[in-house]
Amino acid sequence: MPWLVRTGYRYYYRSRKVLGRGITTYVGAGDVADQAAAEDARRRAERQARRTARRAEEVYHDAADASVHALSAPSDTLFRAVLLTSDYRQHSRGPWRKRRVHPDPPAAT
Amino acid sequence: MSTLTPQPPPDLVALQQLVARAQAGDDSVLPELKACLAKHPELWHYCGDIAQGAIEALLNLVAGKDLLVRESVLLRMDEIRKTLAGPTPTPLETLLIDRIVVSWLQTAFCDLQHVSSSQEHHRRRLDSAHRRYLQAIKALATVKKLLAKPPTLLQISPFQRPEPMRGRGRGREHGLVAVEN
């Protein structure tokens, strides 16, 4: 908690992390503490607003991404279907090759 | 936010199963596969509708309410389509060109986002969009290479002869060179 009450007086502290360790810094009391607390609250509200806007934007991005992704599977299916019916085969997920039509073996004499 | 992706037709699942069987080596499904493609042209329309929905969603992101940007992007997309399509594109080529246009738009938008704010999730989106873009281009190139119609006699110039090819392997034929109109 940023506010510490001792002997009837309120003192304002700021906490932050440096190299993974929490460090608490004394800011002050009275008007100085009130101003620091108001500034911190304003910054927190701005960060929250930016985070909310970014999340709202992400929802639209995800929807557009989903619609693009929805095109991949059916178009890929039609692409493969046309090539397969045109006598092409995909060798081991590699290039597409024309099917070889082997001639009938000669009759045994 | 409205759902822009239309419902898939039921024949699409059947087609996917037939394609999977044919790719696994079951040649007996080929006649059924050909019949399925011929009898269900709505499969192509479905993909066209999805592409249109994807373009609308991306245009809303890219242009927002700016009509000038929207029209400029639409003109650029038409230009890309005309460049890739040629005089008589097949339905498959048209579909793959739509896929390229959609992927191009998404890649361009993700690129702008990544440039403006180099965040990790923007970079991941850009990588994914770019990969999809390259796959779409490769698919169209494969179709144009493998399923291109042979040149007609009128297109073959009787006055041009290639230099004799040296070495073994492909390209040893000496013949007339097809010339595009």
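Residues numbered from 1 in each chain as written. Chains lettered and ligands numbered in written order. Predicted model: local features only at pLDDT ≥ 70, side-chain atom pairs only at ≥ 80, totals over all residues. Heavy atoms only, no water.

1. Observations concerning the pairing of strand S2 (residues 9–18) of chain A
Residue and element names in this part refer to chain A. Looking at chain direction, strand S1 (residues 3–6) and S2 are connected through four bridges and run antiparallel. Directly across from Arg-6, in S2, lies its bridge partner Tyr-9. Pairing geometry for S2 and strand S3 (residues 21–29), over eight bridges, is antiparallel. Each bridged residue has a counterpart across the sheet, and for Lys-17 the counterpart in S3 is Gly-22. Here S2 folds back onto S3 in antiparallel fashion, the turn holding two residues, of which Leu-19 has a positive phi close to 55 degrees. (Pairing = 2+ DSSP bridges. Helix = DSSP H or I, 4+ residues; strand = E, 2+ residues; numbered from the N terminus.)

2. Observations regarding the state of the cysteines
Residues and elements named next belong to chain B. With the rule as written, the count across this model stands at zero disulfides over all chains. Cys-36 takes part in no disulfide bond, and the closest cysteine sulfur to it belongs to Cys-47, at a distance of 12 Å. Owing to a relative accessible area of 11%, Cys-36 belongs among the buried residues under this scheme. (Disulfide = S-S within 2.5 Å. Buried < 20%, exposed > 50% of the residue type's maximum accessible area, 1.4 Å probe, protein only.)

3. Looking at the confidence of the model for chain B
All names here are of chain B. Looking at chain B, the pLDDT average stands at 82 and 78% of residues meet or exceed 70. The least confident element of chain B is helix H1 (residues 10–23), whose mean pLDDT is 87; the most confident is helix H4 (residues 67–85), at 94. Contacts for the low-pLDDT stretch residues 171–181, under 50 throughout, to residues beyond four places or in other chains number 23 contacts. (pLDDT = per-residue confidence, 0-100. Contact = heavy atoms within 4.5 Å.)

4. Let's talk about the pattern of salt bridges
As enumerated under the stated definition, the model contains 17 salt bridges over all chains in all. Between Arg-125 of chain B and Asp-62 of chain A there is a salt bridge, with its nearest N and O atoms 2.6 Å apart. Here Arg-125 of chain B is found in helix H6 (residues 120–146), whereas its partner Asp-62 of chain A is found in helix H1 (residues 31–85) on a different chain. By relative accessible area, Asp-62 of chain A is classed as partly exposed at 41%. Here Arg-70 of chain B makes a salt bridge to Glu-56 of chain B, at a shortest N to O gap of 2.8 Å. Here Arg-70 of chain B, found in helix H4, pairs with Glu-56 of chain B, found in helix H3 (residues 42–62); they are 14 residues apart in sequence, far enough to count as distant. (Salt bridge = Lys/Arg side-chain N within 4 Å of Asp/Glu carboxyl O.)

5. Focus on the interface of chain B and chain A
Each partner contributes residues to the interface: chain B has 41 residues there, and chain A has 34 residues. When chain B packs against chain A, the two sides together hide about 3,400 Å² of surface, and 71% of this comes from carbon and sulfur. Summed over the shared surface of chain B and chain A, the result is five salt bridges. Between Asp-65 of chain A and Arg-125 of chain B there is a salt bridge, with the nearest N and O atoms lying 3.6 Å from each other. Scanning the region where chain B abuts chain A turns up 11 residue pairs in polar contact (both at pLDDT 80 or more). Those elements that provide at least two residues to the side of chain B that touches chain A are H1, helix H2 (30–39), H3, helix H5 (91–116) and H6 of chain B. Ranked by the residues each element gives to the side of chain B that touches chain A, the list is headed by H3 of chain B, at 10 residues. Looking at side-chain class alone, the side of chain B that touches chain A contains 27 nonpolar, nine polar and five charged residues. (Buried area = accessible area lost by both parts, 1.4 Å probe. Polar contact = N/O pair within 3.5 Å; in protein donor to acceptor, adjacent residues only side chain to side chain. Nonpolar A, V, L, I, M, F, W, Y, C, P; charged D, E, K, R; others polar.)

6. What about the sheet that holds S3 of chain A?
Residue and element names in this part refer to chain A. As summarised here, the arrangement of the three strands in space is S1-S2-S3, forming an open sheet in which the pairing is antiparallel. The strands lining the two open edges of the sheet, one partner per strand, are S1 and S3. Strand-to-strand, the axes of this sheet are offset by a mean angle of 35 degrees, without reference to chain direction. (Axes fitted to C-alpha atoms, helices over the stretch in contact; angles between N-to-C directions.)

7. A look at the environment of Arg-43 of chain A
Residue and element names in this part refer to chain A. Note that Arg-43 resides in helix H1. C-alpha of Arg-43 to C-alpha of Tyr-12: the two residues are 31 residues apart in sequence and 16 Å apart in space. A distance of 2.5 Å separates the side chain of Arg-43 from the side chain of Glu-39, its partner in a polar contact.

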